[in-house]
Amino acid sequence: MVNLNIDGKEIQAEEGMTILQTALANGMYIPTLCHAEGIEPFGACRLCMVEISKNDRTRLVASCVYPVEENLVVRTDSKIISKIRKTIIELLWPSVQGLAKEYDITKSRFSSEQTECVLCGLCVRYCKEVKKLNAAYFKGRGIDREIAILPELANDCVYCRECFNLCPAGWMAIHAGEQAGAS
């Protein structure tokens, strides 16, 4: 067992657990987009960012991928963390309206072409890790990165639908059907 402190509360966690798993197991809330039970942590959205301190050193980490450590001190909310989360929510606008309300954000400072997809990778990871199908995948790099579906497996996506409810923006439900109709 590992002893750590989360938001002033002394907690014991099993070695190998992440900060997010430990917080959730202890009834603490940390917002996420790219995390889902049963799928390997990805750390893409950075919404689960927390502040950690150990040996007089403080830094920010993605709680879904950072393992608990002995004597780690974790803050799940602070001024800097709140600022980071608000910026992420604005960047993912309008796909994260529930979180926008939670953080009292009514509009985004950023303008861009919205695709509905927030690139959380839940559909890609679910298809690969759980279904072992690899029908959904990341295509392109940088600002050109997007989720794509292999044309020869598009019908499988439409009939499977298991990842559709994981998608925080509803992108898969819309585009899997479009791609199946095109093939």
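For the structure, check the block above.
Reading the values: rules and limits
Residues numbered from 1 in each chain as written. Predicted model: local features only at pLDDT ≥ 70, side-chain atom pairs only at ≥ 80, totals over all residues. Heavy atoms only, no water. Buried < 20%, exposed > 50% of the residue type's maximum accessible area, 1.4 Å probe, protein only. Helix = DSSP H or I, 4+ residues; strand = E, 2+ residues; numbered from the N terminus. Pairing = 2+ DSSP bridges. Core = buried A, V, L, I, M, F, W, Y, C linked by side-chain atoms within 4.5 Å. Contact = heavy atoms within 4.5 Å. Axes fitted to C-alpha atoms, helices over the stretch in contact; angles between N-to-C directions. Expected span 1.5 Å × (residues − 1). Salt bridge = Lys/Arg side-chain N within 4 Å of Asp/Glu carboxyl O. Polar contact = N/O pair within 3.5 Å; in protein donor to acceptor, adjacent residues only side chain to side chain.

Trainee: What should I look at first to understand helix H4 (residues 122-129) in this one?
Mentor: Think of an α-helix as turning once every 3.6 residues; residues three or four places apart then point the same way. Within H4, six of the eight residues are buried, which leaves the element mostly enclosed by the surrounding structure. Among the residues of H4, Leu-122, Cys-123, Val-124, Arg-125, Tyr-126 and Cys-127 are the ones counted as buried.

Trainee: Would you explain the pairing of strand S3 (residues 49-54) in this entry?
Mentor: Regular strands show a simple pattern: their side chains alternate between the two faces of the sheet. Relative to strand S4 (residues 57-62), S3 is paired through six bridges, and the arrangement is antiparallel. Looking at S4, one finds that Ile-52 is bridged to Arg-59. The hairpin turn running from S3 into S4, its antiparallel successor, is two residues long, and Asn-55 in that turn takes a positive phi close to 55°. Alignment of S3 against strand S5 (residues 72-75), held across three bridges, turns out to be antiparallel. Bridging across to S5, Glu-51 finds its partner in Arg-75.

Trainee: Is there a simple way to think about the pairing of S5 in this case?
Mentor: The side-chain alternation of S5 yields one buried face, formed by Leu-72 and Val-74, and one unburied face, formed by Val-73 and Arg-75. Relative to S5, strand S1 (residues 2-6) is paired through three bridges, and the arrangement is parallel. Within S5, the residue paired with Ile-6 across the bridge is Val-74.

Trainee: I tried to follow the nonpolar core on my own but got confused; where do I start?
Mentor: Note on soluble globular proteins: their nonpolar side chains tend to be buried together. Leu-33, Leu-47, Ile-89, Ile-147 and Met-172 are the most contacted members of the largest nonpolar core, which has 36 residues in total. Only helix H2 (79-91), helix H3 (97-102), H4, strand S7 (146-149), helix H5 (154-160) and helix H6 (171-182) provide two or more residues apiece to this core. When residues of this core are assigned to their parent elements, the largest contribution, five residues, is made by H4. Dropping the residues within four chain positions of it, Ile-89 is found in contact with Leu-47, Val-96, Leu-99, Ala-100, Tyr-103 and Ile-105. Grouped together as the second largest cluster of nonpolar side chains are 20 residues, Leu-4, Ile-6, Val-61 and Cys-64 included.

Trainee: Help me understand the sheet that holds S3, please; the structure alone is not making it clear to me.
Mentor: Two strands in a sheet stick together by hydrogen bonds in their backbones, pointing the same way (parallel) or opposite ways (antiparallel). Overall, mixed pairing links the five strands, which are arranged S2-S1-S5-S3-S4 in an open sheet. Unpaired on one side and paired on the other, strand S2 (9-13) and S4 mark the two borders of the sheet. Averaged over all neighbouring strand pairs, the angle between strand axes comes to 30°, with direction disregarded. The sheet strands contacting H2 are S3, S4 and S5, and the helix crosses S3 at an angle near 150°.

Trainee: Explain unusual backbone geometry here, please?
Mentor: Non-glycine residue Asn-71 carries a positive phi angle of around 65°. Mapped onto the secondary structure, Asn-71 falls in the loop between S4 and S5.

Trainee: Even after reading the chapter, I still don't get H2, so can you show me in this structure?
Mentor: A rise of 1.5 Å per residue sets the reference length of H2, with its 13 residues, at 18 Å; its end C-alpha atoms lie 19 Å apart and thus fit the reference within 8%. The complete set of buried residues in H2 reads Ile-81, Ser-82, Arg-85, Ile-88, Ile-89 and Glu-90.

Trainee: In this structure, what is going on with the pattern of salt bridges? I would like to understand it.
Mentor: If the charged atoms of two oppositely charged side chains come close together, the side chains can form a pair. Scanning the entire structure with this criterion turns up four salt bridges. Put simply, Lys-54 and Glu-69 hold a salt bridge, and the shortest N to O gap is 3.1 Å. Linking Lys-54 in strand S3 with Glu-69 in the loop between S4 and S5, this pair joins segments that are 15 residues apart in sequence. Judged by relative accessible area, Lys-54 falls into the partly exposed class, the value being 29%. On the basis of relative accessible area, Glu-69 is assigned to the partly exposed category, the value being 24%.

Trainee: Which parts of the structure should I look at to understand the environment of Leu-47?
Mentor: Position of Leu-47 relative to the elements: it lies in the loop between helix H1 (19-25) and S3. With residues up to four places along the chain from it excluded, the contact list for Leu-47 reads Pro-31, Thr-32, Leu-33, Arg-85, Ile-88, Ile-89 and Leu-99.

Trainee: Honestly, the side chain of Ser-108 in this entry has me stumped. Any pointers?
Mentor: Within the fold, Ser-108 resides in the loop between H3 and H4. Judged by its relative accessible area of 18%, Ser-108 falls in the buried class. Among the polar contacts made by the side chain of Ser-108, one reaches the main-chain carbonyl oxygen of Glu-90 at a distance of 2.8 Å. Beyond its immediate stretch of four places on either side in the chain, Ser-108 contacts Glu-90 and Trp-93.

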